[in-house]
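Overview (structure and organization)
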Amino acid sequence: MRTTPFRPRLAAVGAISALALTLGACGGSDDEALSSGDREKASAAALAYVGGGAVTDAERGDGDDRYEYQVEVTLPNGTDIDVELDDSFAVTNSPPKAADFATDAPSATPSGDAPTDGAPSAVAPEDDRGLLGETRTKAEAAALKATGEGRVTETSGSDDADHVYEVDVLLPSGEDVTVELDADFTVTKIDR
């Protein structure tokens, strides 16, 4: 009987089918490829908004996304910013701009003793830099107004769709909270 040679083939077909179903269930890549013209337009719009950096990824959204195009811009300091665009290449989210981030290495100074001369406000991971200058001042003021008291321990930008800046505040009770702000320094959420 010749069933032995067919079993490995059937097992292979079954394994390939299971893999295809698994990849489909996990989402795979639903994003469509961009034409070179759309990629150039989306990249130019994202770079103009951010104010510098390099495009490291660009994709067209699928029907489930809030955007038509998404462009990832990487700043020289390693910070990634996701810019979402509509079908006319206008920015639809509120990502931070290059000027909002430190361009040098993060400070090794503990966040509570950070200098105020424009150096980063805290030690930060590669993809999350401290805010600088007027941006930092406005973000800290908005966060302290929202909490009513406390001490700012860290500031950073965010590429999340629902907020642009994050300010960590240590309350007198010892509780740490993160105040999330939009591009206009309006509080969108306080994480406790």
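Since we're looking at a predicted model, the values are computed, not measured. (Residues numbered from 1 in each chain as written. Predicted model: local features only at pLDDT ≥ 70, side-chain atom pairs only at ≥ 80, totals over all residues. Heavy atoms only, no water.)

Turning our attention to the sheet that holds strand S6 (residues 176–181). Read across the open sheet, the four strands follow the order S4-S5-S6-S7; overall the sheet is antiparallel. In this open sheet, the two strands that pair with only one neighbour each are strand S4 (151–157) and strand S7 (187–191). Adjacent strand axes in the sheet meet at a mean angle of 20° when their direction is disregarded. Helix-sheet contacts for helix H3 (residues 133–147) involve S4, strand S5 (165–170), S6 and S7, and the interaxial angle to S5 is about 55°. (Pairing = 2+ DSSP bridges. Helix = DSSP H or I, 4+ residues; strand = E, 2+ residues; numbered from the N terminus. Axes fitted to C-alpha atoms, helices over the stretch in contact; angles between N-to-C directions. Contact = heavy atoms within 4.5 Å.)

A word on the pattern of salt bridges. By the definition in use, this model includes seven salt bridges. Put simply, Arg-60 and Glu-68 hold a salt bridge, and the shortest N to O gap is 2.9 Å. It is possible to trace a salt-bridge network through shared partners that takes in Asp-38, Arg-60 and Glu-68. (Salt bridge = Lys/Arg side-chain N within 4 Å of Asp/Glu carboxyl O.)

Moving on, we come to H3. Taking 1.5 Å of rise per residue, the 15 residues of H3 would be expected to cover 21 Å, and the 21 Å separating its terminal C-alpha atoms lies within 8% of that figure. Within H3, the full set of buried residues consists of Thr-135, Arg-136, Ala-139, Ala-142, Ala-143 and Thr-147. Viewed along the axis of H3, the buried residues span an arc of 140°, placing them on a single side of the element. More than 90 degrees from the buried face of H3, the exposed residues found are Glu-134, Thr-137 and Lys-145. Taken from the residues just after H3, Gly-148 is the one with a positive phi, measuring 85°. (Expected span 1.5 Å × (residues − 1). Buried < 20%, exposed > 50% of the residue type's maximum accessible area, 1.4 Å probe, protein only. Arc of directions from axis to C-beta.)

Quick look at the packing of aromatic side chains now. Across all of its chains, the model carries two aromatic pairs by this definition. Where Tyr-165 meets Phe-185, the ring centres are 5.1 Å apart and the plane angle is 5°; that geometry is what we call stacked. Taken together, the residues Tyr-165 in strand S5 and Phe-185 in the loop between S6 and S7 connect sequence positions 20 residues apart. The same class applies to Tyr-165 as to Phe-185, namely buried. Here the guanidinium or amino end of Lys-97 rests over the ring plane of Tyr-49, the centre of that ring lying 4.6 Å away. (Phe/Tyr/Trp six-rings, centres within 6.5 Å; stacked < 30°, edge-to-face > 60°. Lys NZ or Arg CZ within 6 Å of the ring centre and 35° of its normal.)

Functional significance is not addressed by these values, which are geometric in nature.
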